[in-house]
Amino acid sequence: MKDLLNGIDVVDDVDVLESLAHDDAEWAPYGKPVAAVRPRTTDEVRRVVAACAERGIPIVARGAGTGLSGGANAVDGAMVVDLSKMNRIVEIDAENMTATVQPGVVNDDLKKAVAAHGLWYPPDPASAPWSTIGGNVATNAGGLCCLKYGVTRDYVLGLEAVVGGPAGDYGTVVRLGHRTTKGVSGYDLAALFTGSEGTFGIITEITLRLRPARREAPRTVVGAFDSVVAAGSAVAALTRSGLLPAALELLDRTCLRAVEEWKHLGLSADAAALLLAQLDSPGAAGDEEAAAVAAVFQEAGAMWAEQSTDEFEAEALFAARRLAYPALERLSPVLTEDVCVPRSKVPAMLAAIEEIATRHGATIATIAHAGDGNLHPLILAPAGDDEARRAAQAAFEDMLTAAIAMGGTVTGEHGVGLLKRDGMKQELAPEVLAMQVAIKQTLDPLNIFNPGKVVG
């Protein structure tokens, strides 16, 4: 094995392996890998896959490890393929508005690089300062701007991946998709791999669609509400109005206080929940849009609603949204939900979360990409408190059931991984699950790519 991996960075230190064996999903189980490798090229990945397949060694790819579903967790005896060293921006094609990158490129680093060319890469998960493009593609990550601009899949034009199965021997390199704006030659395999959580192969290069940079700084409208459910009603009212912010985020008082105690951003938590709307229409149209959003908030019962004229204040509010999860994680282990419901059902789902928290005696803070119905209840359970842990896990499962009953889904952007497998089986019909299993078995007949995840 070592001869086949000659020249590739192999990790076998016990402590380092432990850190690479799991992502950030609280309480998701993980096994003990046999080793980890840090390839820098597609050819090195190809060699690793071929060597592992020959010996029946499972392969688990990972990026920055910021996932929240256990999708990058190792199984016993696995080879962890840490793609963080494959962090090169291969090309920025300003004329055709595309970027080609290796999977280890950090989301925010790509944004900065393309901004220098007057371009913009919109997908922006809250983990954008740390998460990698490869991980974003693996889970089809969304983010704050996906309400108006879409999720990662909407920007993936093409992929390079190391695969096996019908393509040839394990270690075969294929290119999927295209570099053109349009392309419908055959099935959309690049879209299929996007969101597949490393279960079909290892993505080694991604070609992404870009947009022109926004012409001016977005406007921010803030609405304060006396309850989380009231804020949800304002979200539904905004949907009915036909207004489409670039982002519409919800934070409850618990999240705001946790961030303020940690980062001292000067935030005031004088309301049960805040709605943050970001509007990016330029000029007078943007002013009118901001005024209209504030009016909808007020008509929906906001304690107050106004446009933030202080750019620092507006940035601090959105920084608080991004920092909510790590701020709460400092206080207690956090089990993070990722349910998504139709936008009209946001008030009902928020009410259900409150009822579930009360019934189980669980402590739940709430953040949300409220504009597209993607809610992230954060269930806190102090370390060593077995009763709180049982309550958290019961609340987690009840929220999945509630979301499905409202016509929603058990995961909007974090992926299925390990934590949502039972929920996915509850959501999808048996016939559909059978189709998913058949795809996995066809593309990975040896079942060595991230076994036990999604349909495992």
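Our structure's up above, just so we're on the same page.
Now for a quick tour of the structure. Since the structure is predicted, the reported quantities are computational estimates derived from the model, not experimental observations.

Here we take up a negative patch on the surface. Together, Glu306, Asp310, Glu311, Glu313 and Glu315 give the surface a local cluster of negative charge. The greatest single-element share of the negative patch, amounting to three residues, is contributed by helix H10 (residues 311–329). With respect to the element layout, Glu306 can be found in strand E15 (residues 304–308). We classify Glu306 as partly exposed; its relative accessible area is 47%.

Where nonpolar side chains cluster on the molecular surface, the patch consists of Tyr187, Leu189, Leu192 and Ile439 and spans about 420 Å² of accessible area. Looking at where Ile439 falls in the secondary structure, it is placed in helix H14 (residues 430–443). Its relative accessible area of 34% is what places Ile439 among the partly exposed residues.

On to the sheet that holds strand E3 (residues 59–62). As a general point, the strands of a sheet are linked pairwise by backbone hydrogen bonds and lie either parallel or antiparallel. The mixed open sheet is built from four strands, whose spatial order is E1-E2-E4-E3. Each edge of the sheet is formed by a strand with only one pairing partner; in this case those strands are strand E1 (9–11) and E3. Between one strand axis and the next, the sheet turns by 25 degrees as a mean value, whatever way the strands run. In the sheet, E1 pairs with strand E2 (residues 35–38) via three bridges, with the strands oriented antiparallel. Residue pairing for E2: Asp9 is matched across the bridge by Arg38.

Time to look at the pairing of strand E19 (residues 374–380). The buried fraction of E19 is high, at seven of seven residues. Judged by which residues are buried, E19 turns out to be covered on both faces: Asn374, His376, Leu378 and Leu380 on one side and Leu375, Pro377 and Ile379 on the other are all buried. Both strand E16 (residues 334–336) and E19 contribute to a ladder of three bridges, which runs antiparallel. Across the sheet, the residue bridging to Val334 is Leu380, located in E19. Where strand E17 (residues 339–340) meets E19, two bridges bridge the pair, whose relative direction is antiparallel. Residue pairing in the sheet places Val339 in a bridge with Leu375 of E19.

Below, the discussion takes up the sheet that holds strand E10 (residues 202–209). Strand order across the open sheet formed by five strands is E5-E6-E10-E8-E9, with antiparallel pairing between neighbours. Each edge of the sheet is formed by a strand with only one pairing partner; in this case those strands are strand E5 (89–93) and strand E9 (172–177). With direction set aside, neighbouring strand axes in the sheet form an average angle of 10 degrees. Bridge count between strand E8 (residues 156–163) and E9: six bridges; the pairing is antiparallel. Within E9, the position partnered with Glu160 by the bridge is Arg175. Against the sheet, helix H2 (residues 42–55) engages E8, E9 and E10, with an angle of about 45 degrees to E8.

The rules we used
Residues numbered from 1 in each chain as written. Predicted model: local features only at pLDDT ≥ 70, side-chain atom pairs only at ≥ 80, totals over all residues. Heavy atoms only, no water. Patch = residues over 30% accessible without salt bridge, like charges linked within 9 Å, V, L, I, M, F, W, Y side chains within 5 Å. Areas by Shrake-Rupley, 256 points an atom, 1.4 Å probe, with all protein chains shown as cover. Salt bridge = Lys/Arg side-chain N within 4 Å of Asp/Glu carboxyl O. Lys, Arg positive; Asp, Glu negative; His and termini not counted. Charge placed at Lys NZ, Arg CZ, Asp CG, Glu CD. Helix = DSSP H or I, 4+ residues; strand = E, 2+ residues; numbered from the N terminus. Buried < 20%, exposed > 50% of the residue type's maximum accessible area, 1.4 Å probe, protein only. Pairing = 2+ DSSP bridges. Axes fitted to C-alpha atoms, helices over the stretch in contact; angles between N-to-C directions. Contact = heavy atoms within 4.5 Å.

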